[in-house]
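A closer look at the structure
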Amino acid sequence: MSTKSITLNAEDARWALRAALSGASKDDVTPVLCAVEWSIADGKVRIIATDRYVVHEAFITAPEDAPDGVFLMHRDQAQWMLANSHKPLRLYTNQLVRIEWTEPNGAVPTKRSTPQERRSAAGSIAVEVLGSKDEDAPSFRYVADAVRGIFPPVRRLFPEMSGEGERFGEVALSPTLLTRLAHLTRHRGEPLRFMMPKVTEGKAGPVMVQNGDGTARALVQPNIMMTANAWQG
């Protein structure tokens with residue numbers, strides 16, 4: 001096993017995590033969809049989540065010394081990270097978040113496995129919220145198992161939205177899904193850009209939504225359009 005860590009500005013990390021987490025599932029039947037995938041590479045931290053109906057992804061700049069890596073954080077741990085800017089930490093304006101992840105060892109846990117053996121098999125994630133970089137600043141720490149499984153390759157759907165091609169002029173979108181998009185913006189009142197789906201075999205794919213500076217984006221699956229007669233029926 002190998003252990004890696006990254007330290008981020010807490011405000012930036014919480015915004016990106018909130019933007020992605022708003023697309024995660026709340027149905028524990030599929031644990032991997034209740035997680036957010038963190039991917040660190042090419043100078044960026046990418047956080048992505050999906051519940052099959054939407055995909056939310058946000059980007060922030062990674063520190064120059066950040067190691068490459070990928071890990072799955074459960075929504076409970078992610079929500080803890082979002083919540084812990086209160087109590088003594090509220091007095092600090094330069095908060096940091098340090099994330100340390102241990103990659104899985106590939107073992108298959110059994111019913112007789114100890115908690116440490118199960119954690120080693122799945123890998124672990126430690127999140128520490130720091131009041132500042134000062135050694136005596138208060139901090140809060142949460143250690144949890146990484147989510148086991150393979151995150152669906154939904155990121156590759158985004159490039160398919162670009163390029164030439166005939167696009168739908170009208171689609172139906174669920175208001176419930178649209179309310180989640182507010183988390184893609186960093187400032188109140190910031191507009192979002194909507195890109196209509198291409199026409200593929202007569203069917204509408206997802207609508208792509210992007211914030212103003214391109215640091216967050218989403219895919220929203222449209223509903224089936226119904227005519228007035230169908231509604232009355």
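Description of the structure in this document. (Residues numbered from 1 in each chain as written. Predicted model: local features only at pLDDT ≥ 70, side-chain atom pairs only at ≥ 80, totals over all residues. Heavy atoms only, no water.)

Regarding the overall build of the protein
Broken down by element type, the protein carries five helices and 13 strands. Burial statistics for the protein: of 233 residues in total, 42% are counted as buried. In the protein, of all internal contacts separated by at least 6 residues, the share reaching a separation of at least 24 is 70%. Per element, the accessible surface of the protein, about 13,400 Å² overall, is 50% carbon and sulfur. (Helix = DSSP H or I, 4+ residues; strand = E, 2+ residues; numbered from the N terminus. Buried < 20%, exposed > 50% of the residue type's maximum accessible area, 1.4 Å probe, protein only. Contact = heavy atoms within 4.5 Å. Areas by Shrake-Rupley, 256 points an atom, 1.4 Å probe, with all protein chains shown as cover.)

Things to note about the sheet that holds strand β7 (residues 124–130)
Across the sheet, which stays open at both edges, the four strands sit in the order β1-β6-β7-β8 with antiparallel pairing between neighbours. Where the open sheet ends on each side, the last strands, each with one partner, are β1 (3–9) and β8 (139–145). This sheet shows a mean twist of 15° between the axes of neighbouring strands, independent of strand direction. Contacting β1, β6 (96–102) and β7, helix α1 (residues 10–21) runs over the sheet at an angle of about 100° to β1. Helix-sheet contacts for helix α2 (residues 75–83) involve β6, β7 and β8, and the interaxial angle to β8 is about 175°. (Pairing = 2+ DSSP bridges. Axes fitted to C-alpha atoms, helices over the stretch in contact; angles between N-to-C directions.)

Some points on the sheet that holds strand β12 (residues 207–210)
Strands sit in the order β5-β2-β3-β4-β13-β12-β9 across an open sheet of seven strands; the sheet is antiparallel. Two strands in the sheet have a free side with no partner beyond their single neighbour: β5 (69–74) and β9 (193–195). Neighbour-to-neighbour, the strand axes of the sheet open up by a mean angle of 15°, direction not taken into account. For strand β2 (residues 35–41) and strand β3 (residues 44–50), the ladder comprises five bridges, and the chain directions are antiparallel. Bridge pairing links A41 to K44 in β3. Relative to strand β4 (residues 54–61), α1 is tilted by about 165°, and along the sheet it contacts β2, β3, β4 and β13 (216–220). Seen against the sheet, α2 touches β2 and β5 and runs at an angle of roughly 90° to β5.

A closer look at the nonpolar core
Where a protein is soluble and globular, its nonpolar side chains tend to be buried together. One finds V36, W38, V45, M81 and I99 to be the most contacted residues of the largest nonpolar core, which totals 44 residues. A per-element tally of this core places α1 first, with eight residues. When residues no more than four places from it in sequence are discounted, the contact partners of M81 are A13, R14, L17, W38, V97, I99 and V127. One finds I48, V55, M208 and L219 within the second-largest nonpolar core, a separate group that totals 13 residues. (Core = buried A, V, L, I, M, F, W, Y, C linked by side-chain atoms within 4.5 Å.)

Examining the environment of G69
Note that G69 resides in strand β5. It is 7.9 Å that separates the C-alpha atoms of G69 and K4, two residues lying 65 residues apart in sequence. With residues up to four places along the chain from it excluded, the contact list for G69 reads W38, S39, I40 and W101.

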